[in-house]
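Structural features, examined
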Amino acid sequence: MEEIFVPEPEESLPGISVNNNQGLLQWISSVDHKQIGIMYLWLSMLFLLVGGTEILLVRIQLAVPNNHFLGPEIYNQLFTMHGTTMIFFVLMPAIFGFATYFVPLMTGANDMAFPRLNALSFWATFFGGFMLYFSFLAGGAPDAGWFNYAPLNQYNYSSSPGVNYYCSGLLLAGIGSVTASANFIVTILKYRVHTMRLKQLPVFVWMVLINSFLVLAAFPALNAALVMLLLDRQLHAHFFNPAAGGSAILWQHLFWLFGHPEVYILILPVFGIFSEVIPVFSRKPIFGYAFIVGSGMAIALLAFGVWIHHMFATGLGNIVNSFFSASSLLIGVPTGIKIFSWLATMYGGSIRFKVPMLFAIAFLVEFTIGGLSGISFALVPIDWQLTDTYYVVAHIHYVFIGGSLFGLLSGLFYWFPKMSGHLINEKLGKWFFWLFVIGFNLTFLVQHALGAMGMTRRVYTYPDLPGWGILNMISTIGGFLMAIAVGLLVYIVVKALKSGEKATSDPWDANTLEWATSSPPALKNFEQVIPVKSLRPYRDYKRPDDADWLKTDQNGK
Amino acid sequence: MANRLLIKLIVGTEAMFFLSLIMAYIYFSYLPGYHSGQEYSLDVKSTAIFSICLFFSSFTFWRAETNYRKGEIKRLKFWLLFTIALGVVFLFGQGREYLKLFNQNINISSSMFGTSFFTLTGFHGLHVIVGLIVIGIITCLTFLGDFNNSKSSVISSVGIYWHFVDIVWLFVFMIVYIIPHL
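Residues numbered from 1 in each chain as written. Chains lettered and ligands numbered in written order. Predicted model: local features only at pLDDT ≥ 70, side-chain atom pairs only at ≥ 80, totals over all residues.

Points about the overall build of chain A
Formally: Counting from the N terminus, the helices are the DSSP runs of H or I reaching at least four residues and the strands are the DSSP runs of E reaching at least two. The atom set for the radius of gyration is the C-alpha atoms, and the globule formula is 2.2 Å times the number of residues raised to the power 0.38. Three exposure classes are used, based on other C-beta atoms lying within 10 Å of a residue's own C-beta, which is placed from the backbone: buried for 20 or more, exposed for 12 or fewer, and partly exposed in between.
When its secondary structure is counted, chain A shows 17 helices and 0 strands. Computed over its C-alpha atoms, the radius of gyration of chain A comes to 23 Å, within 12% of the 24 Å expected for a compact globule of 557 residues. The C-alpha extent of chain A, read off along each of the three principal axes, is 70 × 70 × 45 Å. Here chain A holds 557 residues, and 54% of them are scored as buried.

Below, the structure written as structure tokens:
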């Protein structure tokens, strides 16, 4: 029998050659949490470019009234694929990538609890994404929107196989997310260094922990809905087909029972990233640690009690609507607590305006705008007026880009030196920041107005009404600015990897354990972990005379 | 104990999955499209007997676990085989029920009852099959001598899953078979 052999990694960052077993083959067979984390991030970057290209085509179509650049069929496929890609294959993998890479490092562990399960999670996500995109070759992409409402998702309305690929792709990726989350919980609870108490977990790790429970509780609802839909389409079951006695509204219940927690799944770890970045660049301890963690738990619990606010227009009755309107308004409270805690962390600090911190500050502004437009949707009459208009599109992008993506970019610039061992050019980074932020606001701020003027989303063209043409043109120009910015980001990252200045192990003078390793960390993360006696163990180690645990009133207790 | 925590988390997320299917089943039973009457085609008595086999398999697996902890490998083998046999009998019963319904032209596309019944019990049956495969694997490993020292948490982890599958059936059986006949 021929001997089969799985290459063992020799260095922490293998190349990408195909001629020996320390290149691409090593990445593919890797069970190392750092290499898997990096692969998650590249996957996310790849799909960011794909999903971005799709929406640029959509923006070209919408640039002028009565345009015929794209037909309605291809338009439906493009916006559906854009939404599905950005949520499930850009934001999710990026969040899981950072968590896979940094949860073990920040808790003093040498790997995830189950390294092979970790690899399985990544490859399930990877093939889920490619399965979704295979639909283009198989006769047409899904075209019923990213939330894929019934009965539009039924065979009579979408007869191309696209929706089948939507179901199987998301099921596969969903299995990856669930297994990864179970892995995170076990790693954090059982494998962190034994001196680290729960009250000393970095906020990012806390948020990943809370988030993982959210994933475990929310994804089954999506998976159940997806298998029901597959049964509908392949075996002629009738779950969502009202004509045969099924219920279209059941899809909405199941989808949003998953979908609203999903929104928080995409933001909680990002709150964690900001809670690492803001104290480091303000050179102060985090303000209100217990409140930031506690409000994260509150958000996770409330997440399961607000899904009907996506369904106010379906006519469930005033009592139901009032209840969910009140619960949705409640969400503003824990989120507000976090915003004020970050502001208080910055207050009086000596702030370094590096790129990660710039994104954190921009986030505070943009996310608050997104939060305010969100609050307006909790009010039933306003929701009835604005639902399915561009106001919703503006809102979702202010929270997903201004919130989640800014956080991931902040994390990328913050942790890049640790992951790659190279520094990113600060000047180019600032160019990217300003281009992206200006482009983003140009694109989406005007869409609030378009929505209020009554422009409906998901229609491939629009009549030449006063103001609509010019506002859409501004939006398209903003979209192209963002595209240029993303191109610049790819250039910056590749340039830094190829010829960037070598990074020291601790370029930002940071606080947590991951910075106590070399840059990039060795294959075995820690030979020995420095003592953990407070929230900022690495700072204590660097400044033993000024250690947090010496001060009784600080977080060291 | 990491293994046991992992399997508890997976069981928790699976429970949410079955909760969604069960809620859908209950929801449809209130809709006008649900053909009331078809649930009377179900063979409650023989399914009750097959259900008792499945519930009893939880007991036999528990015996397997206890004997493993005591290091009694021979008895471990006996109780594992007994568990597999009971699981297979349950699946046989389910197959028999399905065939009977198919002969009466009740299937997944015939009515709302068919859609929700076959989806709910079908997914439970799939979980039983997965459980039997896993128990089959640990039985093979036991015969190969892998469990001769009693320190592994594998058998008790598989136990958590197997008991879960039984508890799900308890709910499904109550909701699908018992309550409509009260």
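Let us keep going from here.
A word on the overall build of chain B
Selection criterion: A pair of residues counts as a contact when their C-beta atoms, built from backbone coordinates, are within 7 Å of each other.
When helices and strands are counted, chain B shows 5 helices and 0 strands. From first element to last, N terminus to C terminus, chain B shows the α and β order α-α-α-α-α. Over its C-alpha atoms, taken along the principal directions, chain B stretches across nearly 60 × 30 × 25 Å. Within chain B, the fraction of its 182 residues that count as buried is 36%. Of the contacts formed within chain B by residues at least 6 apart in sequence, a portion of 83% connects residues at least 24 apart.

Points about the environment of Pro544(A)
The topology assignment puts Pro544(A) in the segment after helix 17 (537–542). In this structure, the C-alpha to C-alpha distance between Pro544(A) and Phe367(A), residues 177 residues apart in sequence, is 37 Å.

A few points about the confidence of the model for chain B
Should the pLDDT be low somewhere, the predicted coordinates at that spot are not to be read in detail. Quick reminder of the rule: For every residue, the pLDDT score states the predictor's confidence, bounded by 0 at the bottom and 100 at the top.
Mean pLDDT over chain B works out to 93, with 98% of the residues at or above the 70 mark. Scored by ipTM, the complex comes to 0.94, with pTM at 0.95.

Observations concerning the domain arrangement of chain A
Residue and element names in this part refer to chain A. To be explicit about the condition: Start and end positions for the domains come from either an automated domain assignment or a database one. Residues are grouped as follows: nonpolar covers Ala, Val, Leu, Ile, Met, Phe, Trp, Tyr, Cys and Pro; charged covers Asp, Glu, Lys and Arg; every other residue, Gly included, is treated as polar.
In terms of domain boundaries, chain A breaks down into domain 1 (1–28) and domain 2 (31–526). A separation of 32 Å is found between the C-alpha centroids of domain 1 and domain 2. Between domain 1 and domain 2, the contact holds 4 residues from the first and 8 residues from the second. Along the lines of polarity and charge, the residues of the side of domain 1 that touches domain 2 split into 3 nonpolar, 1 polar and no charged.

A closer look at helix 16 (residues 468–499) of chain A
For an α-helix the count is 3.6 residues per turn, leaving residues at separations of three or four pointing the same way. All names here are of chain A. Short version of the rule: Expected helix span is computed as 1.5 Å times (number of residues minus one).
When the terminal C-alpha atoms of helix 16 are compared, their 46 Å separation across 32 residues agrees well with the 46 Å that a helix rising 1.5 Å per residue should span. For helix 16, the full list of buried residues reads Trp 468, Asn 472, Ser 475, Thr 476, Gly 478, Gly 479, Leu 481, Met 482, Leu 489, Ile 492, Val 493 and Ala 496. Tucked inside the fold, the buried residues of helix 16 contact helix 2 (33–62), helix 14 (390–420) and helix 15 (426–452).

Focus: the packing of helix 4 (residues 115–134) of chain A against helix 5 (residues 162–191) of chain A
Residue and element names in this part refer to chain A. Put simply, the test is: Comment: axis = line fitted to C-alpha atoms, over the contacting stretch for helices; angle = value between 0 and 180 degrees taken between N-to-C directions. Between 65 and 115 degrees an angle is taken as roughly perpendicular, under 35 as roughly parallel, over 145 as roughly antiparallel, and anywhere else as oblique. The handedness criterion is simple: a crossing whose near helix is rotated anticlockwise from the far helix by less than a right angle is left-handed, and one whose near helix is rotated clockwise is right-handed.
One can describe the packing of helix 4 onto helix 5 by two numbers: an axis separation of 8 Å at closest approach and a directional angle of 165 degrees. In terms of their interaxial angle, helix 4 and helix 5 are classed as roughly antiparallel. Like other packed secondary-structure pairs, helix 4 and helix 5 cross with a definite hand, here left-handed. Counted by class, the contact of helix 4 with helix 5 contains 15 nonpolar, 10 polar and no charged residues.

Observations concerning the interface of chain B and chain A
Opposite the 22 residues of chain B that make contact, chain A presents 28 residues. Among the elements of the structure, helix 1 (2–29) and helix 4 (112–143) of chain B are those that each provide at least two residues to the side of chain B that touches chain A. If one sorts the elements of the side of chain B that touches chain A by residue count, helix 1 of chain B sits on top with 13 residues. Grouping the constituent residues of the side of chain B that touches chain A by class yields 15 nonpolar, 7 polar and no charged.

Considerations on the packing of helix 2 of chain A against helix 4 of chain A
Residue and element names in this part refer to chain A. Put simply, helix 2 and helix 4 touch, their axes get as near as 10 Å, and they point 10 degrees apart. When the axis of helix 2 is compared with that of helix 4, the two are roughly parallel. Mapping the contact onto sequence places His 33, Ile 36, Met 39, Tyr 40, Leu 43 and Phe 47 in helix 2 and Pro 115, Asn 118, Ala 119, Phe 122, Phe 126 and Gly 129 in helix 4. Grouping the constituent residues of the contact of helix 2 with helix 4 by class yields 9 nonpolar, 3 polar and no charged.

Details of unusual backbone geometry
All names here are of chain A. The residue after Ala 150, namely Pro 151, is reached through a cis peptide bond having omega 0 degrees. Structurally, Pro 151 is set in the loop between helix 4 and helix 5. With an omega dihedral of -10 degrees, the bond running from Ser 519 to Pro 520 counts as a cis peptide bond. Checked against the element boundaries, Pro 520 lands in the loop between helix 16 and helix 17. The residue Asn 148 is not glycine, and still its phi comes out positive at about 55 degrees. One can find Asn 148 in the loop between helix 4 and helix 5. Although it is not a glycine, His 236 sits at a positive phi angle of roughly 60 degrees. With respect to the element layout, His 236 can be found in the loop between helix 6 (203–235) and helix 7 (248–265). Its 15 C-beta neighbours within 10 Å are what place His 236 among the partly exposed residues.

As for the environment of Ile401(A)
Residue and element names in this part refer to chain A. Mapped onto the secondary structure, Ile 401 falls in helix 14. Placed 39 residues apart in sequence, Ile 401 and Phe 440 show a C-alpha to C-alpha distance of 8.1 Å. Sequence-distant contacts of Ile 401, that is, excluding residues within four places in its chain, are made with Phe 406 and Phe 440.

A look at the environment of Phe416(A)
Residue and element names in this part refer to chain A. Turning to its location among the elements, Phe 416 is positioned in helix 14. In this structure Phe 416 comes out as buried when scored by C-beta crowding, with 25 C-beta atoms within 10 Å. Residues Phe 416 and Val 493, 77 residues apart in the sequence, show an inter-C-alpha distance of 8.8 Å. Every residue in contact with Phe 416, bar those within four places of it in the chain, is listed here: Ile 424 and Ala 496.

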